[in-house]
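# Understanding the architecture of this molecule
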Amino acid sequence: TLGDIDLANAAMIPGSSPGLMTFDGSLTTNNVSLEIEIGGLIASADYDRVEVTGSALLDGELVLSLVDLGNCVFSPSAGDTFDVFEAAGGISGEFDALVAPKLPPGLAWNANYGNNLLTIEVLPTSTADFDGNGIVDGQDLQTWETGFGLNGAGDTDGDSDSDGADFLHWQR
């Protein structure tokens, strides 16, 4: 447990394996790299967590890594959430960057900043940009048509096939 801290140009690592870091007071970060290990869904046991009894001002980058806690490297699923940072006195500011491992197709990381809680979420993506050029257009429709009923080339909903539900995503 640490008291009021002004931390600059440093790495903040809650544990060498998932753990809890507690600040009894306020925390100000300036160009700090907060490194969070994720090995499951239970805070402090399976993933790192920081708790601040006062307020927190965040600046720097949030770095996520997936770890092996004994069986295999954790693989997050859509809907998984990780409450990695809590400040009873409120959170202001945000990390400038979220550096995270690549997720399987159809999933994306999201940092959700609440008044007192920073939650990392794994969200499903529902993009119809099947060719990955950043534009949803007729080429994507052609990819969906080619894969319809055969494969997941035009899959937007993560069920590994190209079907009518995926076509509806393309229409939007």
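Our structure is the block above this text.
The shown structure was predicted, so the numbers you read here are calculated from the model rather than taken from an experiment. Here the residue numbering is sequential within each chain, running from 1 through the sequence in written order. Only residues with pLDDT of at least 70 get local features here, since the model is predicted, and only at 80 or more are side-chain atom pairs given and counted; chain-wide, interface and lining totals rely on the full set of residues. Side-chain numbers come from the whole structure's heavy atoms, not from hydrogens or water.

The next subject is the pattern of salt bridges. Should a side-chain nitrogen of Lys or Arg be within 4 Å of a carboxyl oxygen of Asp or Glu, the pair is scored as a salt bridge. In total, this model carries two salt bridges according to the counting rule given. When the shortest N-O distance is used, the salt bridge between Glu 51 and Arg 49 registers 2.8 Å. The class of Arg 49 is buried, set by a relative accessible area of 9%. Between Arg 49 and Glu 86 there is a salt bridge, with its nearest N and O atoms 2.2 Å apart. A residue pair is termed long-range when its members are at least 10 positions apart, and Arg 49 in strand β6 (residues 49–52) and Glu 86 in strand β9 (residues 81–87) qualify at 37 residues. Several salt bridges converge on common partners, so that one network encompasses Arg 49, Glu 51 and Glu 86. When a residue's accessible area, from a 1.4 Å probe over protein chains only, is under 20% of the maximum for its type it is buried; when over 50% it is exposed; and in between it is partly exposed. Numbering goes from the N terminus for both helices and strands, where a helix is a DSSP run of H or I of at least four residues and a strand is a run of E of at least two.

Within the fold, Leu 118 resides in strand β13 (residues 117–124). With a relative accessible area of 0%, Leu 118 lands in the buried category. Taking C-alpha positions, Leu 118 is 16 Å from Ser 65, a pair spaced 53 residues apart along the chain.

Another aspect to go through is the sheet that holds strand β2 (residues 11–12). Here we have four strands laid out as an open sheet, ordered β2-β5-β8-β11, and parallel in their pairing. Edge positions in the sheet fall to β2 and β11 (97–99), since each of these pairs with one other strand and no more. Strands pair, by our definition, only if DSSP identifies at least two bridges between them. As paired strands, strand β5 (residues 32–38) and strand β8 (residues 60–66) are joined by seven bridges and run parallel to one another. Following the sheet pairing, Glu 37 is matched in β8 by Ser 65.

The next point concerns helix α1 (residues 138–147). Here α1 has its buried residues at Asp 140, Leu 141, Trp 144 and Gly 147. All buried residues of α1 lie within an arc of 130° about the axis, which places them on one face of the element. Across α1 from its buried face, at more than 90 degrees, point the exposed residues Gln 142 and Thr 146. On its buried face, α1 sits against α2 (164–171). Just past α1, the residue Gly 149 takes up positive phi, approximately 75°. The arc in question is formed by the directions pointing from the helix axis toward the C-beta atoms. In what follows, residue pairs with any heavy atoms lying within 4.5 Å of each other are defined as contacts.

What follows deals with the pairing of strand β12 (residues 107–113). Here β12 pairs with β13 via seven bridges, running antiparallel. Bridged to Leu 107 within β13 is Pro 124. Linking two consecutive strands that pair antiparallel, namely β12 and β13, is a turn of three residues.

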